[in-house]
Amino acid sequence: MKTFNIKMIVMTGLLFIGITRQQNSIAAEKNKTSTPNFIIIFADDMGYGDMGTFGHPTIRTPNLDKMADEGQKWTNFYVAAPVCTPSRAGLLTGRLPIRTGMCSDKRRVLFPDSKGGLPTNETTIASALKGSGYATACIGKWHLGHLPQYSPNKHGFDYYFGIPYSNDMDLTPKPKSAQDYFDACTKPRVENFNVPLLRNSEIIERPADQTTITKRYTSEAINFIKQNKKKPFFLYLAHSMPHVPLFRSKEFEGKSLRGVYGDVIEELDWSLGEIIKTLKQNGLDENTLVVFTSDNGPWLTFKDHGGSAGLLSGGKGGTYEGGMREPTIFWNPGGVKPGVVMDLGTTMDLLPTICHLANVNLPNDRKYDGYDISSVLSGTGESLRDIVFYYRGTQVYAIRKGEFKAHFITQSEYGGEEKKVQETPLLYNLELDPSEKYNITEEHPEIIKEMKEVLEEHLSTLIPVENQLEK
Ligand code: MG
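Residues numbered from 1 in each chain as written. Predicted model: local features only at pLDDT ≥ 70, side-chain atom pairs only at ≥ 80, totals over all residues. Heavy atoms only, no water.

Draft legend 1. Broad picture of the overall build of the protein chain. A tally of regular secondary structure across the protein chain gives 12 helices and 16 strands. What you see for the protein chain is a C-alpha radius of gyration of 24 Å, in line with the 23 Å of a compact globule of 471 residues. The principal-axis extents of the C-alpha atoms in the protein chain amount to approximately 100 × 55 × 45 Å. The buried share of the protein chain, taken over its 471 residues, is 57%. When contacts within the protein chain are restricted to residue pairs at least 6 apart in sequence, long-range pairs at least 24 apart make up 70% of them. Placing the 53 positive and 57 negative side-chain charges of the protein chain at their respective mean positions leaves the two points 6 Å apart. (Helix = DSSP H or I, 4+ residues; strand = E, 2+ residues; numbered from the N terminus. Rg over C-alpha atoms; globule rule 2.2 N^0.38 Å. Buried < 20%, exposed > 50% of the residue type's maximum accessible area, 1.4 Å probe, protein only. Contact = heavy atoms within 4.5 Å. Lys, Arg positive; Asp, Glu negative; His and termini not counted. Charge placed at Lys NZ, Arg CZ, Asp CG, Glu CD.)

As structure tokens, this is what we get:
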């Protein structure tokens, strides 16, 4: 009898454990299969030092600062190129622009007279997710080809609202000199920048009223989130600001101690706050990964109308750190473990990371340059990335491996120092010397040798493709 009872207890216990395990595994399975949403917010030409949490003393960014406190602030996060078009191609495809034909030594970005664009056989984050039932929207600056065959709608986005290239293009009357252009950009009038505003393929306004552009992008983004709260979505919000000419809405005029540039960043910060608020109000915050970063460093040519790379040297257009290291934050309550991350990451890591989290397979017929960083986000692993390539146009100017960075070629961002091939590469330790001040080439011949091998190995992986920026 006793034995029977014990047996009964043991059996009941086992049954209970079995049920509990089954319940847990059902819950785990449910979490595993519940599809997360993704929002990438991409500022244009915002520098490493342009937000409070990255050290700016006079720009107020309470929403970005809170996002960083609640999420992960990445201090060694890079873009694929130091200018708009190739940087955007890298983010959306997870591939270096040299592999997609989206970089050039003659024309650094696409212009309104360009005939090329991102080839449609490239898989973007949007087209990858689209196949798994995601609703997708691109709101803001596209700059990957304005002709219909290259539009966001041809690259996996259900919906597009925005200015198809940079907000300084289509300047009228045409500037007669560099000074003319500088003046037009720093004392901007809406009517002088004849850029179109599109909804999908239709021009709905020209010139776009840029004073309300951040506000309208924000309201489009919020509408998209609300409309798709019951299905998985991907929102790529690529702000036109703070690319010059700088515009902000009435409410932000004259508000920042940092002048018009500060007003613009504070409006972007407001925009982020509205998006986070919308996620919370709709119960989507725990199931949505939000990433905030910038496409390249500050446009220093425009003096106080350009941003700041903080302690980094250089800016937009160049391959010193200020051109390509960007202020980056990941946020997802419960999904992203809060903290400061010093591991290496790049925008090209977003595609494999997002696809992993969404359980989406990528085509395996091409080379990707990104790594899945989801384990870093959840706090369960380290970044697999050890190398960053700094391309200017079609050439590798510098390589970072671990803490070291070797410059094979140096050149000023725009004008100034001519292109110089360094017979012996310049070498910096970025952990000790993030401002790249102290060349330590002579002390580390072994590192220089290693860097040359990394370069050779990398170049051997390149396959020539049609150049899209020279078409
Ligand atoms: Mg840019």
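Draft legend 2. The coordination of the magnesium ion, seen in detail. Distances from the magnesium ion to its protein donors, Asp44 (OD), Asp45 (OD), Cys84 (SG), Asp295 (OD), Asp295 (OD) and Asn296 (OD1), fall at 2.1 to 2.7 Å. Relative to the metal, the six donor atoms surrounding the magnesium ion lie at angles of 53 to 159°, and the coordination shape comes out irregular. The sequence pattern describing where the donors of the magnesium ion fall on their chain is D-D-x38-C-x210-D-N. One end of the pair, Cys84, is in helix α3 (residues 84-93); the other, Asn296, is in the loop between β9 (288-294) and α9 (321-324), with 212 residues separating them in the sequence. The pair formed by Cys84 and Asn296 is uniform in burial state, with each residue classed as buried. (Donors = N, O, S within 2.8 Å, 3.2 Å for Na, K, Ca; no water. Tetrahedral: all angles 85-135°; square planar, octahedral: opposite > 155°, others 65-115°.)

Draft legend 3. View of the packing of aromatic side chains. In this structure the tally under the stated criterion is 17 aromatic pairs. Summarising the aromatic geometry, the rings of Trp299 and Phe302 are spaced 4.7 Å apart at their centres and angled 70° between planes, so their arrangement reads as edge-to-face. On the basis of relative accessible area, Trp299 is assigned to the buried category, the value being 10%. For Phe302, a relative accessible area of 2% gives the class buried. Taking 6.4 Å as the distance between ring centres and 50° as the angle between the ring planes, the aromatic pair formed by Trp299 and Tyr414 counts as tilted. One end of the pair, Trp299, is in the loop between β9 and α9; the other, Tyr414, is in the loop between β15 (404-410) and β16 (420-429), with 115 residues separating them in the sequence. Of the residues examined, Tyr414 reaches a relative accessible area of 37% and is grouped as partly exposed. One cation-aromatic arrangement involves Arg325 over Tyr48; the distance from NZ or CZ to the ring centre is 5.9 Å. The ring centre of Tyr390 lies 3.8 Å from the NZ or CZ of Lys405, which sits over that ring. (Phe/Tyr/Trp six-rings, centres within 6.5 Å; stacked < 30°, edge-to-face > 60°. Lys NZ or Arg CZ within 6 Å of the ring centre and 35° of its normal.)

Draft legend 4. Spatial organisation of the pattern of salt bridges. Per the counting criterion, the structure on display carries 29 salt bridges. Measuring nitrogen to oxygen at the nearest pair gives 2.9 Å for the salt bridge that ties Glu205 to Arg216. One end of the pair, Glu205, is in strand β7 (residues 202-205); the other, Arg216, is in helix α7 (residues 213-227), with 11 residues separating them in the sequence. Accessibility expressed as a relative area gives 24% for Glu205, which makes it partly exposed. Ionic contacts of the salt-bridge type, sharing partners, join the residues Asp44, Arg88, Lys141 and Asp295 into one network. (Salt bridge = Lys/Arg side-chain N within 4 Å of Asp/Glu carboxyl O.)

Draft legend 5. Spatial organisation of the confidence of the model for the protein chain. The pLDDT averaged across the protein chain works out to 93; a share of 93% of its residues lies at or above 70. Low pLDDT (under 50) marks residues 1-33, which in the prediction has zero contacts with non-local residues, meaning those over four places away or in another chain. (pLDDT = per-residue confidence, 0-100.)

Draft legend 6. Structural context of the pairing of strand β14 (residues 395-401). Burial runs high along β14: five of the seven residues are buried. In this antiparallel pair of consecutive strands, strand β13 (residues 387-392) and β14, the connection spans two residues, and Gly393 shows a positive phi of 60°. As judged from the four bridges shared by β14 and β15, these two strands associate in the antiparallel manner. The partner of Ala398 across the bridge, within β15, is His407. (Pairing = 2+ DSSP bridges.)

Draft legend 7. The arrangement of the domain arrangement of the protein chain in detail. Looking at the assigned domains, one finds that the protein chain contains domain 1 (34-385) and domain 2 (389-459). On a C-alpha basis, the centres of domain 1 and domain 2 stand 27 Å from each other. Counting the surface lost from both domain 1 and domain 2, the interface buries some 2100 Å², and carbon and sulfur atoms represent 53% of this. Between domain 1 and domain 2 we count one salt bridge in total. Counting every contact that joins domain 1 to domain 2 gives 13 residue pairs in polar contact (both at pLDDT 80 or more). If you list the elements that add at least two residues to the side of domain 1 that touches domain 2, you get α4 (97-100) and α9. Class assignment for the residues of the side of domain 1 that touches domain 2 results in 14 nonpolar, nine polar and six charged. (Domains from an automatic or database assignment. Buried area = accessible area lost by both parts, 1.4 Å probe. Polar contact = N/O pair within 3.5 Å; in protein donor to acceptor, adjacent residues only side chain to side chain. Nonpolar A, V, L, I, M, F, W, Y, C, P; charged D, E, K, R; others polar.)

Draft legend 8. Looking closely at the nonpolar core. One finds Ile39 and Leu235 to be the most contacted residues of the largest nonpolar core, which totals 61 residues. The dominant element in this core, judged by the number of residues it contributes, is helix α8 (residues 259-281), at nine residues. When residues no more than four places from it in sequence are discounted, the contact partners of Leu235 are Phe38, Ile39, Ile40, Ala137, Ile139, Ala221, Phe224 and Ile225. Grouped together as the second largest cluster of nonpolar side chains are 41 residues, Phe42, Ala89, Leu110 and Leu469 included. (Core = buried A, V, L, I, M, F, W, Y, C linked by side-chain atoms within 4.5 Å.)

Draft legend 9. Up close: the state of the cysteines. Here the structure, examined in full by the defined rule, presents zero disulfides. Among the cysteines around Cys185, which has no disulfide bond, Cys84 carries the closest sulfur, lying 13 Å off. By relative accessible area, Cys185 is classed as buried at 0%. (Disulfide = S-S within 2.5 Å.)

Draft legend 10. Fine view of the environment of Arg366. Mapped onto the fold, Arg366 is located in the loop between α10 (350-357) and α11 (374-378). Along the chain, Arg366 and Thr123 lie 243 residues apart, while their C-alpha atoms are 10.0 Å from each other. Setting aside anything within four residues of it in sequence, one finds Arg366 in contact with Arg95, Asn121, Glu122 and Thr123. Of note is the side chain of Arg366, whose polar atom sits 2.9 Å from the backbone oxygen of Asn121.

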